[in-house]
Amino acid sequence: MSMFSEAEKIYRALGVDVDAAFRRAAEIPVSIHCWQGDDVNGFENDNGLDGGIAVTGNYPGRARNAAELRNDIDKVMSLVPGTKRLNIHAIYAEAVNGSKIERNALTVDNFKNWMDWSKANNVALDFNPTFFAHPMAGDGFTLSNADAAVRKYWIEHGIACRKIAAEFGKAQGSTCITNFWAPDGFKDTPVDREAPRRRLMESLDEIFAVPVDEKYNKDAVECKLFGIGAESCTIGSHEFYMGYCMKNNKLVCLDAGHFHPTEVISDKISSVMLFADELLLHVSRGVRWDSDHVVTLNDELYAIAQEIIRNNYDKRVHIGLDYFDASINRIAAWSIGARAMQKALLAAALEPTQLLREAEESGDYSSRLALLEDFKNLPFAPMWEAYCEYCRVPGAGWLKQVKEYENTVLSKR
Ligand code: RNT
Ligand code: ZN
């Protein structure tokens, strides 16, 4: 008897329908971020990264242009099971007939190649305006800048991006999620914390006042505790955006690296979901700070997936990935993180949750803890292999494909 059928018997004895779990995990979309492939560089120019986010490492093989990046994405997508979306940033715009790209004047024409890619691969796009790595963001303030001309520029950028996103949504027949993250914040203690927050609020109001059909685009806003160079006061804090979203019916975006290291977003999901229809996650891994390490299958990743599955948030919580590591093979980094997310979703879908609930509901917390521990030993490995096969992607052999791609493609760059 195969390892899989032995394992299936064990799960079945605990009341788990393995086929249903495979189907369920495979249907949950995960939006894979394009920016792991080129260190959040984009194709505008070589402004370098700022905004308090940083990529470290100089492993050879970075995608140098859109064609290379799309090839790399194809490779990654072929290694990741489940339903995939592609998350792109405004800095991944491509020039039309060699004309200069201005962020406040971007149109869908700048993303034609991405839309063609999306159609050819049947992968829906998500979008992000880029409020960093730009001379107009040079003093660390964009939508909350005290200078009205600077604010205007970024408001125009936000509006342009929502229009582009709506075009994506229409073309792909699936709502595009547009996520707003702005780095604005003070390095040192400000005297007036309210004024910049008021300006951020009013700028967002202006951006969202432009009507965009919710069928095609939904907006999310991402809070942050602090950034490098903005340690003392981040304008778009958690309270700021929670308040903003509840009042204005926008999606909260919770990034796993954007809270105090003792806080976890898995614990925040159910609270937000009691007050909001939908939620966006940026699944990341902060090591001591918002370092955007490659996502790995740690307790928090399991917990995030469990929250989604146990509460049936499959369609209401949107999963986006957000990490970038340039110190190892980027295709490997990308795939490790995305496959880890899939492992967590599959493990959660295979959880004998009913038994855990029964223990909890009867007040038998000893059994709850015992079962939680015992279930860690369930034979997951054959399940994962079978799931990869079910999704027609490589199981244990995936890394060999990355090495081949490195030899034939990346090492030639
Ligand atoms: C930064 C935010 C933001 C970015 C991406 C590139 O701290 O997490 O989401 O990482 O938009
Ligand atoms: Zn993020």
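For the structure, see preceding data.
Scoring rules and cut-offs
Residues numbered from 1 in each chain as written. Chains lettered and ligands numbered in written order. Predicted model: local features only at pLDDT ≥ 70, side-chain atom pairs only at ≥ 80, totals over all residues. Heavy atoms only, no water. Near = heavy atom within 4 Å. Polar contact = N/O pair within 3.5 Å; in protein donor to acceptor, adjacent residues only side chain to side chain. Nonpolar A, V, L, I, M, F, W, Y, C, P; charged D, E, K, R; others polar. Donors = N, O, S within 2.8 Å, 3.2 Å for Na, K, Ca; no water. Helix = DSSP H or I, 4+ residues; strand = E, 2+ residues; numbered from the N terminus. Phe/Tyr/Trp six-rings, centres within 6.5 Å; stacked < 30°, edge-to-face > 60°. Buried < 20%, exposed > 50% of the residue type's maximum accessible area, 1.4 Å probe, protein only. Lys NZ or Arg CZ within 6 Å of the ring centre and 35° of its normal. Core = buried A, V, L, I, M, F, W, Y, C linked by side-chain atoms within 4.5 Å. Contact = heavy atoms within 4.5 Å. Salt bridge = Lys/Arg side-chain N within 4 Å of Asp/Glu carboxyl O. Disulfide = S-S within 2.5 Å. Pairing = 2+ DSSP bridges. Right-handed = clockwise from strand over helix to strand, strands pointing away. Axes fitted to C-alpha atoms, helices over the stretch in contact; angles between N-to-C directions. Parallel < 35°, antiparallel > 145°, perpendicular 65-115°, else oblique. Left-handed = near helix turned anticlockwise from the far one by under 90°. Patch = residues over 30% accessible without salt bridge, like charges linked within 9 Å, V, L, I, M, F, W, Y side chains within 5 Å. Areas by Shrake-Rupley, 256 points an atom, 1.4 Å probe, with all protein chains shown as cover.

Colleague: If you had to explain the site of ligand 1 to someone new, which residues and values would you point to?
Modeller: As a structural note, the neighbourhood of ligand 1 is formed by Trp 35, Ile 53, His 89, Trp 181, Glu 222, Lys 224, Asp 255, His 258, His 282, Asp 290, Asp 322 and Phe 324. A distance of 2.7 Å separates an oxygen atom of ligand 1 from a polar atom in the side chain of Lys 224. In terms of residue class, the shell around ligand 1 is made up of four nonpolar, three polar and five charged.

Colleague: So what about the coordination of the zinc ion (ligand 2)? Which residues, and what values?
Modeller: For the zinc ion (ligand 2), the full set of protein donor atoms is Glu 222 (OE), Asp 255 (OD), His 282 (ND1) and Asp 322 (OD), at a range of 2.0 to 2.2 Å. When the donors of the zinc ion (ligand 2) are listed by position in the chain, the intervening gaps give E-x32-D-x26-H-x39-D. A residue pair is termed long-range when its members are at least 10 positions apart, and Glu 222 in strand β6 (residues 217-222) and His 282 in strand β9 (residues 279-283) qualify at 60 residues.

Colleague: For the packing of aromatic side chains, give the residues involved together with the corresponding values.
Modeller: Applying the stated rule across the entire model yields 18 aromatic pairs. An angle of 75° between the planes, with centres 5.5 Å apart, marks the rings of Phe 22 and Tyr 387 as edge-to-face. Taken as a pair, Phe 22 in helix α2 (residues 18-27) and Tyr 387 in helix α13 (residues 380-390) lie far apart in primary sequence, 365 residues in all. By relative accessible area, which is 0% here, Tyr 387 ends up buried. Members of the aromatic cluster, connected to one another through ring pairs, are Phe 131, Tyr 153, Trp 154, Phe 180, Phe 208, Phe 240, Tyr 241 and Tyr 244. Over the ring of Trp 114 we find Arg 70, and its NZ or CZ is 4.7 Å from the ring centre.

Colleague: Which residues make up the nonpolar core, and what values go with them?
Modeller: In this structure, Leu 86, Phe 127 and Leu 281 are the most contacted members of the largest nonpolar core, which totals 120 residues. With 13 residues, helix α10 (residues 330-349) is the single largest residue contributor to this core. With five residues, the next largest nonpolar core counts Ile 177, Ala 220, Cys 253 and Leu 280 among its residues.

Colleague: Residues and numbers for the side chain of Thr 234, please.
Modeller: Within the secondary structure, Thr 234 is located in strand β7 (residues 233-234). Within polar-contact distance, the side chain of Thr 234 engages the backbone oxygen of Leu 225 at 3.3 Å. Sequence-distant contacts of Thr 234, that is, excluding residues within four places in its chain, are made with Asp 184, Gly 185, Arg 197, Lys 224, Leu 225, Phe 226 and Gly 227.

Colleague: Account for the pattern of salt bridges, with residues named and values stated.
Modeller: Overall, the coordinates contain 23 salt bridges when judged by the stated rule. For the salt bridge of Glu 44 with Arg 103, the shortest nitrogen-to-oxygen distance reads 2.7 Å. Taken together, the positions of Glu 44 in the loop between β1 (30-33) and α3 (66-77) and Arg 103 in the loop between β2 (84-89) and α4 (112-121) put the pair 59 residues apart, joining distant regions of the chain. Residue Glu 44 shares its accessibility class with Arg 103, and that shared class is buried.

Colleague: Tell me what's going on with the state of the cysteines, and back it up with residues and numbers.
Modeller: For the coordinates displayed, the defined rule picks out zero disulfides. Distance from the sulfur of Cys 34, which forms no disulfide, to the nearest cysteine sulfur (Cys 176) is 12 Å. Residue Cys 34 is classed as buried on the basis of its relative accessible area, which comes to 0%. Of the cysteine sulfurs around Cys 223, a residue in no disulfide, the closest is that of Cys 253, at 7.7 Å.

Colleague: Lay out the pairing of strand β3 (residues 125-128) in plain terms, naming residues and giving numbers.
Modeller: Neither face of β3 is exposed, since Leu 125 and Phe 127 on one face and Asp 126 and Asn 128 on the opposite face are all buried. As paired strands, β2 and β3 are joined by four bridges and run parallel to one another. If you follow Leu 86 over to β3, its bridge partner there is Leu 125. In this fold, β2 hands off to α4, which returns the chain to β3; that crossover is right-handed.

Colleague: How would you explain the packing of helix α8 (residues 266-273) against helix α9 (residues 299-310) if you had to name every residue and give the values?
Modeller: A pair of packed helices can be characterised by two numbers: the angle between their axes and the separation between those axes. Running from amino to carboxyl end, α8 crosses α9 at an angle of 20°, the nearest separation of the two axes being 8 Å. It follows that α8 is roughly parallel to α9 by the angle criterion. Along this stretch, α8 crosses α9, giving a crossing that reads as right-handed. Contact residues: Ser 266, Ile 269 and Ser 270 in α8; Glu 300, Ala 303, Ile 304 and Glu 307 in α9. When grouped by side-chain class, the residues that make up the contact of α8 with α9 number three nonpolar, two polar and two charged.

Colleague: Give me the lowdown on a nonpolar patch on the surface, citing residues and values where you can.
Modeller: A surface patch of nonpolar side chains, amounting to about 370 Å² of accessible area, comprises Met 246, Leu 274 and Phe 275. With respect to the helices and strands, the residue Met 246 is situated in helix α7 (residues 238-248). With a relative accessible area of 35%, Met 246 lands in the partly exposed category.

Colleague: Please provide a residue-by-residue account of the pairing of β9, values included.
Modeller: Across a regular strand the side chains alternate sides, sitting on one face of the sheet and then on the other. Within β9, five of the five residues are buried, leaving the element largely enclosed by the surrounding structure. Residues Leu 279, Leu 281 and Val 283 line one face of β9 and the alternating positions Leu 280 and His 282 line the opposite face, and both faces are buried. As judged from the four bridges shared by strand β8 (residues 251-255) and β9, these two strands associate in the parallel manner. Note that in β9 the partner of Cys 253 across the bridge is Leu 280. The handedness of the β8 to β9 crossover, carried by α8, is right-handed. Inspection of the sheet shows β9 paired to strand β10 (residues 317-321) by five bridges, in the parallel sense. Within β10, the residue paired with Leu 280 across the bridge is His 318. Taken together, β9, α9 and β10 form a β-α-β motif whose crossover is right-handed.

Colleague: Lay out unusual backbone geometry with the relevant residues and their values.
Modeller: For Ala 133, which is not glycine, the phi torsion reads 50° and is therefore positive. Among the secondary structure elements, Ala 133 is positioned in the loop between β3 and α5 (148-172). Phi angles above zero are rare outside glycine, and Asn 249 is one such case at about 60°. With respect to the helices and strands, the residue Asn 249 is situated in the loop between α7 and β8. On the accessibility criterion, Asn 249 (56% relative accessible area) is exposed.

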